[in-house]
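An overview of the molecular structure
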Amino acid sequence: KSADAPGLSQQAKETYTAFTKIAGVSEKKATIKETGTGWLRVRDLPSLNGKELARVTVGESFAVLEEQTGWVKIKVSDTVQGWVSSDYISVK
């Protein structure tokens, strides 16, 4: 499931890339690293002052939607997306 998968035509690659942007899907994944608590807060803003929207568990992986210095926006579910500290995730 990648735009550079073998055998795809240039048109198929462009269509795949356009679809993933529209659907808010990212090929990058953020995996939650050890936090000391076993979970990490997902916030509505890329700041420690952001409201907690959810908690994610160490070891889980999520699609990356956006990146800012020190913060990464992830898609937790179809209805929840928010910011996590980049100190506690690995992005690949």
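Before reading on, note that the structure itself is shown above.
Right, let's walk through the structure included here. In this text, all values refer to a predicted model and were calculated from it rather than measured experimentally.

1. Regarding the overall build of the protein chain
For the protein chain, the helix and strand inventory stands at one helix and seven strands. Taken over 92 residues, the protein chain has a buried fraction of 26%. For the protein chain, contacts bridging at least 24 residues in sequence account for 49% of all contacts bridging at least 6. Accessible surface, the protein chain: about 6,100 Å² in total, of which carbon and sulfur atoms supply 50%.

2. Considerations on the pattern of salt bridges
This structure, assessed with the given rule, holds four salt bridges. Between Glu52 and Arg55 there is a salt bridge, with its nearest N and O atoms 2.9 Å apart. Of the residues examined, Glu52 reaches a relative accessible area of 32% and is grouped as partly exposed. In this structure, a network of salt bridges that share partners links the residues Arg41, Glu52 and Arg55.

3. Quick look at the packing of aromatic side chains
Using the criterion set out here, one finds zero aromatic pairs in the structure. When the ring centre of Trp39 is taken as reference, the NZ or CZ atom of Arg55 above it lies at 3.8 Å.

4. Regarding the side chain of Lys73
Along the polypeptide, Lys73 turns up in strand E5 (residues 71-75). Buried charge Lys73 goes without a salt bridge, the closest partner of opposite sign being Glu66 at 4.6 Å. There is a polar contact of 3.4 Å between the side chain of Lys73 and the side chain of Gln81. Apart from residues lying up to four places away in sequence, Lys73 is in contact with Ala63, Val64, Leu65, Glu66, Gln81, Gly82 and Trp83.

5. Structural notes on the pairing of strand E1 (residues 29-32)
A regular strand places its side chains on the two faces of the sheet in alternate fashion. In E1, alternate side chains face the same way, and those of Ala30 and Ile32 are buried while those of Lys29 and Thr31 on the opposite face are not. Bridge analysis of E1 against strand E7 (residues 89-91) gives three bridges, and the strand direction is antiparallel. The residue of E7 that forms the bridge with Ile32 is Ile89.

What counts and how
- Residues numbered from 1 in each chain as written.
- Predicted model: local features only at pLDDT ≥ 70, side-chain atom pairs only at ≥ 80, totals over all residues.
- Heavy atoms only, no water.
- Helix = DSSP H or I, 4+ residues; strand = E, 2+ residues; numbered from the N terminus.
- Buried < 20%, exposed > 50% of the residue type's maximum accessible area, 1.4 Å probe, protein only.
- Contact = heavy atoms within 4.5 Å.
- Areas by Shrake-Rupley, 256 points an atom, 1.4 Å probe, with all protein chains shown as cover.
- Salt bridge = Lys/Arg side-chain N within 4 Å of Asp/Glu carboxyl O.
- Phe/Tyr/Trp six-rings, centres within 6.5 Å; stacked < 30°, edge-to-face > 60°.
- Lys NZ or Arg CZ within 6 Å of the ring centre and 35° of its normal.
- Lys, Arg positive; Asp, Glu negative; His and termini not counted.
- Polar contact = N/O pair within 3.5 Å; in protein donor to acceptor, adjacent residues only side chain to side chain.
- Pairing = 2+ DSSP bridges.

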